[in-house]
Amino acid sequence: MHPSLPSDLVRGLARQLHRDATSASLRVALPVLRRLLATHTIRDLTLPQLHHQRSMVQRKHLLRMLAVEAGFDSWEAYSQALPTMTVDQLPHLDLLRPTAGYPNLWFSTPAEAHAHVQAQVQAHGTAGRVVTVGTQAVVIGPPA
């Protein structure tokens, strides 16, 4: 497999998100679990219930979540579209870049993330970049 193919990158991201979702660390697991709930990939559970039962999360859940966040109804539809896409067209590309690094700061809304970035610019003259992920946002940066 060529690692720069869009389908391989999305599957790799799903693999990483699966590890994160099942992590014992709240800081690592909660952003992913929130995304699963926000995309209605997993239903009828609250966030605390899902965290308690996080071992139920499967890779297929993360693939569907990524598909919904990319604007598709299902993983099957997204996976059929991926071969016609370039890597630059992936909506999750910013989360795949090695320059994104770790840890990143997650926010419940893009507005909260933008407010954080503006505060960082005022305080330090530099800040990261806001990337919207579903209804949440992550601040990646600052750029190198």
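Residues numbered from 1 in each chain as written. Predicted model: local features only at pLDDT ≥ 70, side-chain atom pairs only at ≥ 80, totals over all residues. Heavy atoms only, no water.

**Q** Could you give an account of the overall build of the protein, with specific residues and numbers?
**A** Looking only at helices and strands, one finds seven helices and three strands in the protein. Reading the secondary structure of the protein in the N-to-C direction produces α-α-α-α-α-α-β-α-β-β. For the protein, with 144 residues in total, the buried portion stands at 40%. Partitioning the contacts of the protein with sequence separation of at least 6, the portion at a separation of at least 24 is 52%. Accessible area of the protein: about 8300 Å², with a carbon and sulfur share of 55%. (Helix = DSSP H or I, 4+ residues; strand = E, 2+ residues; numbered from the N terminus. Buried < 20%, exposed > 50% of the residue type's maximum accessible area, 1.4 Å probe, protein only. Contact = heavy atoms within 4.5 Å. Areas by Shrake-Rupley, 256 points an atom, 1.4 Å probe, with all protein chains shown as cover.)

**Q** Describe the environment of Ala67, and please don't skip the residues or the numbers.
**A** Here Ala67 lies in helix 4 (residues 59-69). Given a relative accessible area of 0%, Ala67 falls into the buried group. Put simply, Ala67 and Ser79 are twelve residues apart on the chain and 8.2 Å apart in space, counted from C-alpha to C-alpha. Ala67 has contacts with Phe72, Ser74, Trp75 and Tyr78, leaving out every residue within four places of it along the chain.

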